[in-house]
Amino acid sequence: MHTPEEDARARDAADPGHRHLFLVPPAEGGRHPEVAYLAGNSLGLQPRATREELLADLDAWRRLGVEGHLEAERPWLPYHELLTAPAARLVGARPAETVVMNSLTVNLHLLMVSFYRPAGERTRIVIEDSAFPSDSYAVRSQARFHGLDPDTAVVRLRPRPGEDTLRTQDVLDFLAAEGHTVALLLLGGVNYLTGELMDIPAITAAGRAAGAVVGWDLAHAAGNVPLSLHDWDVDFAAWCSYKYLNSGPGALAGVFVHERHLGKEDLPRFEGWWSTEAATRFEMTAVSRPPATVEAWQISNPPIFAMGPVRTSLELFDSVGMTALRERSLRLTGYLETLLDEVTADRPLTVITPRDPERRGCQLSVRIGAGSANELTKRLRHEHGVIADAREPDVVRFAPVPLYSTYHDCWRVADALAATVEATS
Ligand SMILES: Cc1ncc(COP(=O)(O)O)c(C=O)c1O
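Being a predicted model, the structure only gives us computed values, none of them experimental.

Trainee: Mind showing me how you'd approach the overall build of the chain here?
Mentor: When you go through the chain residue by residue, the secondary structure sums to 13 helices and 15 strands. For the chain, whose C-alpha radius of gyration is 22 Å, the value lies close to the compact-globule estimate of 22 Å for 425 residues. Of the contacts made within the chain by residues no fewer than 6 positions apart, 71% connect residues no fewer than 24 positions apart. When the accessible surface of the chain is split by element, carbon and sulfur atoms take 54% of a total near 18,100 Å². Side chains of the chain carry 42 positive and 57 negative charges; the gap between the two charge centres is 1 Å.

Spelled out as structure tokens, the structure:
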């Protein structure tokens, strides 16, 4: 008979993932040397390859100074182009539809400049009530920018009373009833709090059929679940690279604009010298000549030292492949769910993430019935070396990331929760 811990170890031997490619922090508490890292939904771990790659870029600057723009091993002028194809593969887009630039919320604003164009009775922006605060602030400020009252221009879709997650049908019903007033539907592909994966193709189709523009915040979806943004006819999307894409804190973000919007001169955009065709960049003209690609949304020359880690990470995703990652993700998260079912059965803990694997990525969110989420995560860390993250007042998120998390990490989560949260019976 195996103990549950031995069982987890056996699963790891059979399904090892790619942990060896990552640097796992040492544990400050508990009996294991490394942390059980379940916070990749917040900040992914550092790939081993990142340091060398970053140092090589720094070295090119030391050796070449300004000549590095053209002569570095990876020349800086077209550096962002190295990221385009792998980023496009990751989100199911065409290269012309994808670019890596700026940060997520900045990109959402730049995209709303083009795609939130309130007119007549079609003035509203629809988000989910549990949207990440940055998105809420962004859309409210966009409404104000257009001279609208954010309290009426922004609609927040809530789950049904007593439910934690939004039903696709409720979004579709809202669109059927009020779609004619919606200028922009902007939802999270995977909700940051509950881990719910929205039905992106169905909602996109309904939103567009209702005459709205449909954009997605894919912060918690990119690198977590397979995406087909082009085929799903999504209008635009943006994502960050510091969570599942393991590109470091504040890493550069990604943008998708569907090909039907590219090269449109009547679409408002903010511009700078990186918005113009690369070949015209040094013509020093007064008027830009934007390319018919999403690169027209670029503004500034990009920070090269921030691009390297994204490139390294995207190479990793390319070599492993999202299909294989999703398969391992389903196994790992299913295993964690089974363990959590046992621990939560007699404790004031409830998993609020949908049980249907098709409606979630790797994250499972647990609502705690007593005490503070911050306090619980502190105890998990200091007493057991388990790194999760808290969303006050009462949600703790655990994300077994298929690239580097292990079954043993999942076992440690359940073991630590059992030891930390008192059973009720
Ligand atoms: C869903 C979502 N949107 C937006 C943001 C904000 O991202 P940034 O600070 O990179 O603009 C986050 C950050 O965690 C997020 O989870």
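Back to the text.
Trainee: Before we go on, may I ask you to explain the nonpolar core in this structure?
Mentor: Most often, soluble globular proteins have nonpolar side chains that are buried together. Core analysis: the largest hydrophobic core is formed by 63 residues, its most contacted members being Trp-216, Leu-218, Leu-229 and Leu-403. In terms of residue count, helix α10 (residues 304-320) provides more of this core than any other element does, seven residues in total. Counting residues in hydrophobic clusters, the runner-up holds 32 residues, among them Ile-125, Ile-127, Ala-153 and Val-255.

Trainee: Help me understand unusual backbone geometry in this model?
Mentor: Excluding glycine, residues mostly carry a negative phi; peptide bonds, for their part, are mostly trans. Residue Pro-393 is bonded to the preceding Glu-392 through a cis peptide linkage, with omega at 10°. Mapped onto the secondary structure, Pro-393 falls in the loop between β14 (389-391) and β15 (395-398). In this model, Asn-102 sits at a positive phi of 50°, which is unusual for a non-glycine residue. With a phi angle near 65°, Asp-233 is a residue other than glycine that sits in the positive phi range. You can see Asp-233 is positioned in the loop between β8 (213-217) and β9 (236-239).

Trainee: Can you help me understand the environment of His-408 in this one?
Mentor: Tracing the backbone through its elements, the reader meets His-408 in helix α13 (residues 407-420). Residue class for His-408 comes out buried when judged on its relative accessible area of 5%. Those residues in contact with His-408 that lie beyond four places of it in its chain are Glu-5, Ala-8, Arg-9, Asp-12 and His-32. Side chain to side chain, His-408 and Arg-9 meet in a polar contact 3.5 Å long.

Trainee: What is the right way to read the layout of surface pockets from this model?
Mentor: A probe matching the size of a water molecule, rolled over the atoms, marks out where space remains unfilled. If you add up the space inside the largest pocket, you get close to 280 Å³. Around the largest pocket, the lining comprises 20 residues; the ones closest to its centre are Leu-104, Phe-132, Asp-217, Ala-219 and Lys-243. Where the lining of the largest pocket is concerned, the elements lending two or more residues are α5 (104-115) and α6 (133-145). Here the lining of the largest pocket is composed, by residue class, of seven nonpolar, seven polar and six charged. When its volume is computed, the second largest pocket comes out at roughly 240 Å³. Of all elements in the fold, only α9 (200-209) and α11 (322-345) reach the threshold of two or more residues within the lining of the second largest pocket.

Trainee: Teacher, can you tell me more about the packing of aromatic side chains here?
Mentor: Both the distance between ring centres and the angle between the ring planes are used here to describe each pair of aromatic rings. If you walk through the whole model with that rule in mind, you get nine aromatic pairs. For the ring pair Phe-22 and Tyr-404, a centre distance of 4.9 Å and an interplane angle of 55° mean the geometry is tilted. With Phe-22 in strand β1 (residues 22-23) and Tyr-404 in the loop between β15 and α13, this pair connects stretches of sequence that are 382 residues apart. Since its relative accessible area comes to 1%, Phe-22 is described here as buried. Look at Phe-132 and Tyr-192: their rings are 5.1 Å apart centre to centre, the planes differ by 90°, and that puts the pair in the edge-to-face class. Here Phe-132, found in the loop between β5 (124-128) and α6, pairs with Tyr-192, found in the loop between β7 (182-188) and α9; they are 60 residues apart in sequence, far enough to count as distant. Exposure remark for Phe-132: the relative accessible area of 36% places this residue in the partly exposed category. The class of Tyr-192 is buried, set by a relative accessible area of 13%. Cluster of aromatic residues (ring-pair linked, three or more members): Phe-22, Tyr-37 and Tyr-404.

Trainee: Please clarify how the sheet that holds β7 should be interpreted in this entry.
Mentor: Sheet strands associate in pairs through backbone hydrogen bonding, adopting either a parallel or an antiparallel arrangement. In space, the seven strands of this open sheet follow the order β4-β10-β9-β8-β7-β5-β6, with mixed pairing throughout. Two strands bound the open sheet, and with one partner strand each, they are β4 (98-101) and β6 (154-157). Each neighbouring strand pair of the sheet contributes to a mean axis angle of 20°, computed without reference to strand direction. Strand direction decides the pairing type here: β7 and β8, joined by five bridges, are parallel. From the neighbouring strand, Gly-188 faces β8, where its bridge partner is Asp-217. Along the sheet, helix α4 (residues 81-91) makes contact with β4 and β9, crossing β4 at roughly 115°. Docked against the sheet, α9 engages β7 and β8, running at close to 150° with respect to β8.

So, how was this worked out
Residues numbered from 1 in each chain as written. Predicted model: local features only at pLDDT ≥ 70, side-chain atom pairs only at ≥ 80, totals over all residues. Heavy atoms only, no water. Helix = DSSP H or I, 4+ residues; strand = E, 2+ residues; numbered from the N terminus. Rg over C-alpha atoms; globule rule 2.2 N^0.38 Å. Contact = heavy atoms within 4.5 Å. Areas by Shrake-Rupley, 256 points an atom, 1.4 Å probe, with all protein chains shown as cover. Lys, Arg positive; Asp, Glu negative; His and termini not counted. Charge placed at Lys NZ, Arg CZ, Asp CG, Glu CD. Core = buried A, V, L, I, M, F, W, Y, C linked by side-chain atoms within 4.5 Å. Buried < 20%, exposed > 50% of the residue type's maximum accessible area, 1.4 Å probe, protein only. Polar contact = N/O pair within 3.5 Å; in protein donor to acceptor, adjacent residues only side chain to side chain. 1 Å grid on protein atoms, 1.4 Å probe; cavity = no way out; pocket = protein on both sides within 12 Å on 5 of 7 lines; lining within 4 Å. Points joined across faces, edges and corners; volume = space filled by probe spheres on them. Nonpolar A, V, L, I, M, F, W, Y, C, P; charged D, E, K, R; others polar. Phe/Tyr/Trp six-rings, centres within 6.5 Å; stacked < 30°, edge-to-face > 60°. Pairing = 2+ DSSP bridges. Axes fitted to C-alpha atoms, helices over the stretch in contact; angles between N-to-C directions.

Keep in mind that these numbers describe shape and distance, not what the molecule does.
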